[in-house]
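What follows is the residue order along each chain.
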Amino acid sequence: MIVVIGAGIAGLNAALTCQRAGWEVLLLEASDRVGGRVKTDFISGYQLDHGFQVINPAYPEVKRLNLKLQLQSMEAGVKVVTAEKNFIVADPFRNPKNLLSTLRAPIGDLKSKSSLISYLVKKQRVGIDSFAADLNSQGVSGPLYEKIIRPFMRGVLLGELDQVDAQVGRELLKFFAKGTPGIPLNGAQALPDQMAKQIDKLNLNESVISIHGKVVTTDQKTYTAEKIIVAIDGANAANLVPEVTPPKFNLSTTWYFATKERILKDKFLIVDGQSRGPIVNLIVLDQISETFAPANMQLLAITTLNPCNENEVKAHLRLLLGKLPHDLELIKEYHIPRSLPVFTPNSIRPNFQQTRDELFIAGDYLSGPSQNGALLSGRLAAEAAIS
Ligand SMILES: Cc1cc2nc3c(=O)[nH]c(=O)nc-3n(C[C@H](O)[C@H](O)[C@H](O)COP(=O)(O)OP(=O)(O)OC[C@H]3O[C@@H](n4cnc5c(N)ncnc54)[C@H](O)[C@@H]3O)c2cc1C
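The model shown is predicted, which means the values in this text are computed figures rather than measured ones.

Parameters and conventions
Residues numbered from 1 in each chain as written. Predicted model: local features only at pLDDT ≥ 70, side-chain atom pairs only at ≥ 80, totals over all residues. Helix = DSSP H or I, 4+ residues; strand = E, 2+ residues; numbered from the N terminus. Expected span 1.5 Å × (residues − 1). Contact = placed C-beta atoms within 7 Å. Buried ≥ 20, exposed ≤ 12 C-beta atoms within 10 Å, placed from the backbone. Near = placed C-beta within 6 Å. Domains from an automatic or database assignment. Pairing = 2+ DSSP bridges. Axes fitted to C-alpha atoms, helices over the stretch in contact; angles between N-to-C directions. Left-handed = near helix turned anticlockwise from the far one by under 90°. Nonpolar A, V, L, I, M, F, W, Y, C, P; charged D, E, K, R; others polar.

*Asks:* Explanation requested: helix H4 (residues 110–121) in the structure shown.
*Replies:* Three or four residues apart is the spacing at which side chains of an α-helix point the same way, because the helix has 3.6 residues per turn. Compared with an ideal rise of 1.5 Å per residue, which puts twelve residues at 16 Å, H4 spans 17 Å between its outermost C-alpha atoms and is within 8% of the ideal. Check the buried side of H4 and you find it contacts helix H5 (131–137) and helix H6 (142–157).

*Asks:* How should the environment of Ile331 be read in this particular structure?
*Replies:* Looking at the secondary structure, you find Ile331 in strand E18 (residues 329–341). Of the residues examined, Ile331 has 18 C-beta atoms within 10 Å and is grouped as partly exposed. Considering only alpha carbons, one finds Ile331 and Trp255, 76 residues apart in sequence, at a separation of 7.8 Å. Discounting chain neighbours no more than four positions away, the residues touching Ile331 are Ile43, Tyr46, Tyr256, Phe257 and Ala258.

*Asks:* Any chance you could explain the site of the ligand here in plain terms?
*Replies:* In the region of the ligand, 36 residues are neighbours, and Gly6, Gly8, Gly36, Gly51 and Gln53 sit closest. Of all the elements in the fold, those that place two or more residues in the shell around the ligand are helix H1 (9–20), strand E14 (249–259), E18 and helix H12 (371–386). The leading source of residues in the shell around the ligand is H12, at four residues. Of the residues that make up the shell around the ligand, three or more belong to each of domain 1 (2–38 + 189–247 + 351–386) and domain 2 (40–110 + 177–184 + 249–341).

*Asks:* Looking at this model, I keep getting lost on the sheet that holds strand E1 (residues 2–5). Mind explaining?
*Replies:* Sheets are built from strands that pair by backbone hydrogen bonding, the pairs being arranged parallel or antiparallel. Read from one edge to the other, the open sheet built from six strands follows the order E9-E2-E1-E13-E20-E19, with strand pairing classed as mixed. In this open sheet, the two edge strands, each paired with only one partner strand, are strand E9 (202–203) and strand E19 (353–356). The sheet contact formed by strand E13 (residues 227–230) and strand E20 (residues 359–361) spans three bridges and is parallel. What sits directly across from Ile229, in E20, is Phe360.

*Asks:* Would you mind going over the sheet that holds strand E10 (residues 208–212) with me for this structure?
*Replies:* A sheet is described by the order of its strands in space; here three strands give the open sequence E10-E11-E12, paired in antiparallel fashion. A single partner strand is all that each edge strand has here, and the edge strands are E10 and strand E12 (222–224). In this sheet, neighbouring strand axes are inclined to one another by 20 degrees on average, regardless of whether the strands run parallel or antiparallel.

*Asks:* Help me understand the packing of H1 against H12, please; the structure alone is not making it clear to me.
*Replies:* Packed helix pairs are specified by the crossing angle of their axes together with the interaxial distance, meaning the distance between the axes. At their nearest, the axes of H1 and H12 sit 7 Å apart, and the two run at 35 degrees to each other. Crossing handedness for the pair H1 and H12: right-handed. Contacts between H1 and H12 involve Ile9, Ala10, Gly11, Leu12, Asn13, Ala14, Thr17 and Cys18 from the former and Gln371, Ala374, Leu375, Ser377, Gly378, Arg379, Ala381, Ala382, Glu383, Ala385 and Ile386 from the latter. Residues of the contact of H1 with H12, tallied by class, amount to eleven nonpolar, six polar and two charged.

Structure follows, in C-alpha cells:
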C-alpha cells in the first residue's frame, strides 16, 4: 500500500497516479475537505473562492487530468486604471475587438509593445537571476513594465518581481499568453473535488502526526506502508520530515465586496497602473458568471498583499472606480498567511524530493507557485515512488 499524506491538489494527483498504476492507495487529509489551498465557500448565494484564484486551461498538468471544469473565462487581457485614463491591453489574437485600444494604450511605442512578444518567444538570458531583471533586459521596461506587467504579475506571484526567480516568472507569464484563465462554474474547488471522486480510499479529518520508517501514525491509527508520499505544505512537511527545508511564503488577502449598483461591466482583471494603494487586482465576478452572486448583485473580488484594513481597501477602490457604491458591503475577507511559496532568484526546483527509499515529498514549493506546479510535483513524486 502507498500512503499519501495531504489531499491538496499535489496529494490528489500523487494518489491518482499511483492508483492508476494499479497500487492500493490510502489518502489521508487532516481537514474536513479536499483541495488544500483550492477551496470554495458558498455563503448566502455568493460563491467565494478561499483566496481568488483562476485556472489556466493551458497548464499541461490540468490538461492531463481531462476534467469537466466548465471554466467561466475572463477576457484575455488587463484593464489598467490610472488617474488620467483607463485603457485595455488585450491579446489581439484572442481578443481582436480590443485591438485598437491595445494599440493606443499609453505604454510606449510599437517597438516597446512588441518587446513583450519577443520576450515570450525567446529563451531566458544566461546570468540573469530575477524576473524583473529578465524582463527589463529584453526591453520590457518603462510604462509597459510599470503599468501592466508589474501590477499584473504581482497579483499572480503575490510578491515583487525583483524577488522572484526569472525562470519561475517567465514560465507563469507564458502560460497567460497561451491560455485564457477562468473559474470553474462551481468554484475553484471543482478541480480537487473532481479529482477526489476518482480516489478509492480517502480519509478526511485524519491528521498525520509522525512518520517512522514505513510507519505512519495519525491522530487515530497507525498504518504500515510500502511507500509514503508527503504532499502537505512545506512548513508542515518540515515538522514531519526533518530533511524538508521549510519555504518562505507570500501572504495575501482576498476581500469580497457586494453592491446592488452595477458599477462595473468588465470581464478583465483590473489593475492600478500607478499602484496608488493596497489593491493588487480586482475582478468583477458576476460578470464572469452571473451564478457567482445572487441575482442583481455585483460581486467584487479584491486581492491585497500587505496587511491593511477595510478602510484602506475602500479608499483605494474609490480611486479605481471614481466613486464608491453607497451600499458597498464586505461579504467576506480571507487572510491567507501561507498563500504562495517564494521562489527567490536562482532557486533550485527539484519538482519533488526523495529522502529515503520509501519516502517522497511533493508540493508546489518544490516545483512552482501554481496549481500546475503542485500537480506536476504530485505526479512526479508518485511516478518515482512506483518506478
Ligand atoms: C490566494 C491564492 C491564490 C492563488 N491563485 C492561483 C492561481 O490563480 N493560479 C494558480 O495556478 N495557482 C494559484 N494559487 C496556488 C495554488 O492554489 C497552490 O499552488 C496549490 O493549491 C498548492 O497545492 P499543494 O497540494 O501543494 O498544497 P496545499 O494546497 O497546501 O495542500 C496541502 C494539504 O495537506 C493537508 N495537510 C497538512 N498537514 C497535514 C497532516 N499532518 N496530515 C494530513 N494532511 C495534512 C492540508 O490540510 C492540505 O489539504 C493560489 C493560492 C492562493 C492561496
